[in-house]
Amino acid sequence: MKHKTEEFLHFLMWTCDRLLQPTFRNLTDSFEQWCARTGSDRHINRLIQRQWIETKSQGDSERLMKLTDEGCRMIYGGRDPLENWDRDWDGQWRMIMFDLHLNQNTERQRLRRYLHLRGFGCLQKSVWVTPHPLADEAELLAETKVNAKSMIFLNATPAAGESDEEIVSTTWDFNQINSRWQSYLEMLDTKPNVSLESEKKANALYEWTNAERRAWRHAISADPLLPRLIWPDGYLGEQALKKRNQTMAADTGA
């Protein structure tokens, strides 16, 4: 997603009435004029083409915009927290083990980057784990151009008395993860209490949404979004999401 388009997608979210039914109902004419002056119509068209928002007419002059499920997922950073937290876990860990030659360093780095973005944790050097299904990882194997003999995907359960809690604490640094979520929670408190009745106020909210997006991405990028059954004590991810939803649903004056 292009940077400016992503910013605008977040701006749409933060001017919504509700998380699950975000719309642009009752926006003032001054915002429509601001939208036209800043070229935001172009970003709206891009989002419609990517099926991240839906739009339809409401009467002769009113336009309704709604985030799609894919649009909401993109706002979350590509992974839906609730979808992962509420997943029924079968108790099995999914493992990816690989052994790439030094001349395959580009593929190795690409693979590690992908696994990190997907919420995998590095249990050991080339052993990465996740409690989530590996439905999408077959495509990964083809794209990395790695010999299948150098990589193996496994479903596994501890066989030497290791607990799931030990695997979680060894694989992910939840002190760092919670520190990022705490910073995000504090950032939400800085949301300007403004309406969209003027260009100045609309710009203030727009700038804040950019900062909010960066803070959210920073926090969620380190979070494996584990199923609830294996959450460590004191995990702040759910608290951060609830506060985000409450902040978004608050009256913006729209």
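Anything mentioned here points back to the structure above.
Keep in mind that what you see is a predicted model, and the values were worked out from it rather than measured.

Participant: I'm lost on the environment of Ile 96 in this one. Help?
Facilitator: Relative to the assigned elements, Ile 96 resides in strand S3 (residues 93–98). You can call Ile 96 buried: its relative accessible area is 0%. Taking C-alpha positions, Ile 96 is 9.2 Å from Phe 120, a pair spaced 24 residues apart along the chain.

Participant: When you look at the packing of aromatic side chains in this model, what are you seeing that I'm missing?
Facilitator: Where two aromatic rings form a pair, the distance of their centres and the angle of their planes describe that pair. Taken as a whole and assessed by the stated rule, the structure comprises nine aromatic pairs. For the pair Phe 174 and Tyr 235, a centre-to-centre distance of 5.8 Å together with 80° between the ring planes defines the contact as edge-to-face. Of the two residues, Phe 174 sits in helix H9 (residues 174–188) while Tyr 235 sits in the loop between helix H10 (199–220) and helix H11 (237–249), which places them 61 residues apart along the sequence. Considered together, Phe 174 and Tyr 235 belong to a single accessibility category, that of buried residues. An angle of 70° between the planes, with centres 5.3 Å apart, marks the rings of Tyr 184 and Trp 216 as edge-to-face. Of this pair, Tyr 184 sits in helix H9 while Trp 216 sits in helix H10, and the two are 32 residues apart along the sequence. With a relative accessible area of 0%, Trp 216 lands in the buried category. Through a chain of ring-to-ring contacts, three or more aromatic side chains come together here, namely Trp 85, Phe 174, Trp 231 and Tyr 235.

Participant: Sorry if this is basic, but what is going on with the nonpolar core here?
Facilitator: The tendency in soluble globular proteins is for nonpolar side chains to be buried as a group. Residues Trp 93, Trp 172 and Trp 181 are the most contacted members of the largest nonpolar core, which totals 30 residues. Elements that contribute at least two residues to this core include exactly S3, strand S5 (127–130), helix H8 (164–171), H9, H10 and H11. If you tally residues by element for this core, the top one is H9, at seven residues. Excluding its chain neighbours within four sequence positions, the residues that come into contact with Trp 93 are Val 129, Thr 130, Pro 131, Leu 154, Asn 155, Ala 156, Pro 158, Asp 164, Ile 167, Val 168, Trp 172 and Ile 230. Residues Phe 98, Leu 115, Trp 128 and Met 151 belong to the second largest nonpolar core, which totals eight residues.

Participant: Whenever I open this one, the sheet that holds S3 confuses me. Can you help?
Facilitator: One key point about sheets: their strands pair by backbone hydrogen bonds, in either a parallel or an antiparallel sense. Within the open sheet, the four strands sit side by side as S4-S5-S3-S6. Their pairing is antiparallel. Sheet topology places strand S4 (121–124) and strand S6 (151–156) at the edges, where each strand pairs with a single neighbour. Between one strand axis and the next, the sheet turns through 30° on average, direction left out of account. Inspection of the sheet shows S4 paired to S5 by three bridges, in the antiparallel sense. Note that in S5 the partner of Cys 122 across the bridge is Trp 128. Sheet strands in contact with H8 are S3, S4 and S5, and its direction is about 105° off that of S4.

Participant: Before we go on, may I ask you to explain H11 in this structure?
Facilitator: For an α-helix, 3.6 residues make a turn, and residues three or four places apart therefore share a direction. For H11, which comprises 13 residues, the first-to-last C-alpha distance of 18 Å matches the rise-based estimate of 18 Å (1.5 Å per residue) to within 8%. Within the span of H11, buried status applies to Gly 237, Glu 238, Ala 240, Leu 241, Arg 244, Thr 247 and Met 248.

Participant: I'm lost on H8 in this one. Help?
Facilitator: Listed in full, the buried residues belonging to H8 are Ile 167, Val 168 and Thr 171. Along the long axis of H8, the arc covered by the buried residues comes to 100°, so they all point the same way. Facing away from the buried surface of H8 by more than 90 degrees, the exposed residues are Glu 165, Ser 169 and Thr 170. Packing partners of the buried residues in H8 comprise S3, S4, S5 and H9.

Participant: What's the story with the environment of Thr 68 in this structure? I'm lost.
Facilitator: Counting through the fold element by element, Thr 68 comes out in the loop between strand S2 (62–67) and helix H4 (69–76). When its relative accessible area of 12% is taken as the criterion, Thr 68 is described as buried. For Thr 68, the contacting residues outside a window of four places in its chain are Gln 51, Trp 52, Ile 53 and Glu 54.

Participant: Help me understand the pattern of salt bridges, please; the structure alone is not making it clear to me.
Facilitator: When their charged atoms lie close together, side chains carrying opposite charge are able to pair. Counted according to the given criterion, the structure contains five salt bridges. Residue Asp 90 pairs with Arg 94 through a salt bridge whose shortest N-O separation is 2.7 Å. Asp 189 is the salt-bridge partner of Lys 243, the closest N and O atoms lying 2.6 Å from each other. In this pair, Lys 243 is assigned in helix H11 and Asp 189 in the loop between H9 and H10, connecting sequence segments 54 residues apart. Judged by relative accessible area, Lys 243 falls into the partly exposed class, the value being 23%. Connected through shared salt-bridge partners, Asp 86, Arg 228 and Glu 238 make up one network.

Each value, and the rule that gives it
- Residues numbered from 1 in each chain as written.
- Predicted model: local features only at pLDDT ≥ 70, side-chain atom pairs only at ≥ 80, totals over all residues.
- Heavy atoms only, no water.
- Helix = DSSP H or I, 4+ residues; strand = E, 2+ residues; numbered from the N terminus.
- Buried < 20%, exposed > 50% of the residue type's maximum accessible area, 1.4 Å probe, protein only.
- Phe/Tyr/Trp six-rings, centres within 6.5 Å; stacked < 30°, edge-to-face > 60°.
- Core = buried A, V, L, I, M, F, W, Y, C linked by side-chain atoms within 4.5 Å.
- Contact = heavy atoms within 4.5 Å.
- Pairing = 2+ DSSP bridges.
- Axes fitted to C-alpha atoms, helices over the stretch in contact; angles between N-to-C directions.
- Expected span 1.5 Å × (residues − 1).
- Arc of directions from axis to C-beta.
- Salt bridge = Lys/Arg side-chain N within 4 Å of Asp/Glu carboxyl O.

By themselves, these observations are geometric and do not establish any function.
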